[in-house]
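Breakdown of the fold
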Amino acid sequence: MAFEEITPRELKPELLQLDGISRESVEAHYKLYQGYVNKRNEILGKLESVDLAAANQVYSEVRALKVELSFAVGGVKNHEVYFEHLGGDGGEPGGLIAGLLERDFGSVELWRRDLKATGMAGRGWAWTAYDWDEGRLYNVVGDAQNTYPIWNATPLVALDVYEHAYFMDFGTDRASYIDAFFANLDWSTINDWVSKYQIPK
Ligand SMILES: [Fe+2]
């Protein structure tokens, strides 16, 4: 299996000046993201020479590498959404995303309440994702980098609720961190994704 190494995306300068989420916390968080990229490359490298004939569902090298690859790749993708759509002024969205949130949640405020609750209920992530089969947005919960994304859905908002995302600034007060997350959202980036992915109105 041939693969290409990937390199971490650079951190946008705005990420070091968030409102309520410190530079130290973001820099430490970015290092974790770099770690996911490195492990993704390492695991794919090992899979090139793994003994496929020894595959076994109880334990085998193939199994261990494939399972942890999903964790590493999840960590890469989740954090790329997370870092990319922070650095804005939060507030009320405009553009296409505003219409989608109103259509599928009733109002932006109801979407925000539902995503916050999803984040409080999760052990790792909460996402707002567009489900291409149902043709609508849902807020979905994640307990780890690789649980429980839904097939054929595109994440537009990725709320990291792992403790590493907030403990340095907020201690155990996850709710206040989630409020800070909303206050730093960059709606123009999210609207760019809605356009780029051609999510129907
Ligand atoms: Fe994280």
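Here the structure is a predicted model, which means the values were calculated and not measured.

Looking at the iron ion, one finds its protein donor set to be His29 (NE2), His79 (NE2), Asp160 (OD) and His164 (NE2), positioned 1.9 to 2.1 Å from the metal centre. Considering all 4 donor atoms around the iron ion, angles at the metal cover 87 to 143° and the coordination shape is irregular. Positions of the donor residues of the iron ion, expressed as sequence spacing, correspond to H-x49-H-x80-D-x3-H.

The subject of this paragraph is the packing of helix H3 (residues 95-105) against helix H7 (residues 187-196). When two helices pack together, their arrangement is given by the angle between the helix axes and the distance between those axes. One way to put it is that H3 packs onto H7 with a least axis distance of 7 Å and a crossing angle of 80°. As summarised for this structure, H3 and H7 are arranged roughly perpendicular, according to the angle between their axes. Taken together, the residues of H7 that come into contact with H3 (itself represented by Gly95, Leu96, Ile97, Leu100 and Leu101) are Trp187, Ile190, Asn191, Val194 and Ser195. When its residues are assigned to classes, the contact of H3 with H7 shows 7 nonpolar, 3 polar and no charged.

Attention now goes to the pattern of salt bridges. What the rule picks out here adds up to 9 salt bridges. One salt bridge in this structure joins Glu80 and Arg9, with 3.4 Å as the shortest N-O distance. Of this pair, Glu80 sits in helix H2 (residues 61-84) while Arg9 sits in the segment before helix H1 (23-47), and the two are 71 residues apart along the sequence. Taking relative accessible area as the criterion, Glu80 reaches 16% and is therefore assigned buried. Judged by its relative accessible area of 44%, Arg9 is partly exposed. The residue Glu109 makes a salt bridge to Arg112 at a minimum N-O spacing of 2.7 Å. Of the two residues, Glu109 and Arg112 are both situated in helix H4 (residues 108-121); the distance of 3 residues between them amounts to about one turn of the helix. For Glu109, a relative accessible area of 41% corresponds to the partly exposed category. Since its relative accessible area comes to 17%, Arg112 is described here as buried. Members of the salt-bridge network, linked through shared partners, are Lys39, Glu42 and Lys46.

So, about the pairing of strand S2 (residues 136-142). Here 7 bridges tie strand S1 (residues 125-131) to S2, and the two strands are oriented antiparallel to one another. Across the sheet, Trp125 pairs through a bridge with Gly142, a residue of S2. Linking S1 to S2, which pair antiparallel, is a turn of 4 residues; within it Gly135 sits at a positive phi near 70°.

Counting 47 residues, the largest nonpolar core has Trp111, Tyr177 and Phe181 as the members making the most contacts within it. Among residues more than four places away in sequence, those in contact with Trp111 are Leu101, Phe105, Thr128, Asn139, Val157, Phe182, Leu185 and Trp187. Counting 8 residues, the second largest nonpolar core, distinct from the first, contains Ile43, Val62, Leu65 and Ala72.

Sheet architecture is open: 3 strands sit in the order S2-S1-S3, paired in antiparallel fashion. Looking at strand neighbours, the two that pair on one side only are S2 and strand S3 (153-160), the edges of this open sheet. The mean inter-strand angle of the sheet, taken between neighbouring strand axes irrespective of direction, is 25°. As paired strands, S1 and S3 are joined by 7 bridges and run antiparallel to one another. Following the sheet pairing, Ala126 is matched in S3 by Leu159.

So, on to the packing of H3 against H4. Where H3 contacts H4, the two axes come as close as 8 Å, and the packing angle between them is 75°. By the angle between their axes, H3 is roughly perpendicular relative to H4. Here H3 contributes Leu101, Glu102 and Phe105 to the contact with H4, which in turn contributes Val108, Leu110, Trp111 and Asp114. The residue makeup of the contact of H3 with H4, split by class, is 5 nonpolar, no polar and 2 charged.

The space that makes up the largest pocket amounts to roughly 840 Å³. Surrounding the largest pocket, 29 residues form its lining, Lys77, Asn78, Pro149, Ala153 and Pro155 being those nearest its centre. Of all the secondary-structure elements, those providing two or more residues to the lining of the largest pocket are H2, S1, S2, S3 and H7. Of all the elements, H2 adds the most residues to the lining of the largest pocket, at 9 residues. A class-by-class count of the residues in the lining of the largest pocket yields 15 nonpolar, 7 polar and 7 charged.

What counts as what
- Residues numbered from 1 in each chain as written.
- Predicted model: local features only at pLDDT ≥ 70, side-chain atom pairs only at ≥ 80, totals over all residues.
- Heavy atoms only, no water.
- Donors = N, O, S within 2.8 Å, 3.2 Å for Na, K, Ca; no water.
- Tetrahedral: all angles 85-135°; square planar, octahedral: opposite > 155°, others 65-115°.
- Axes fitted to C-alpha atoms, helices over the stretch in contact; angles between N-to-C directions.
- Helix = DSSP H or I, 4+ residues; strand = E, 2+ residues; numbered from the N terminus.
- Parallel < 35°, antiparallel > 145°, perpendicular 65-115°, else oblique.
- Contact = heavy atoms within 4.5 Å.
- Nonpolar A, V, L, I, M, F, W, Y, C, P; charged D, E, K, R; others polar.
- Salt bridge = Lys/Arg side-chain N within 4 Å of Asp/Glu carboxyl O.
- Buried < 20%, exposed > 50% of the residue type's maximum accessible area, 1.4 Å probe, protein only.
- Pairing = 2+ DSSP bridges.
- Core = buried A, V, L, I, M, F, W, Y, C linked by side-chain atoms within 4.5 Å.
- 1 Å grid on protein atoms, 1.4 Å probe; cavity = no way out; pocket = protein on both sides within 12 Å on 5 of 7 lines; lining within 4 Å.
- Points joined across faces, edges and corners; volume = space filled by probe spheres on them.

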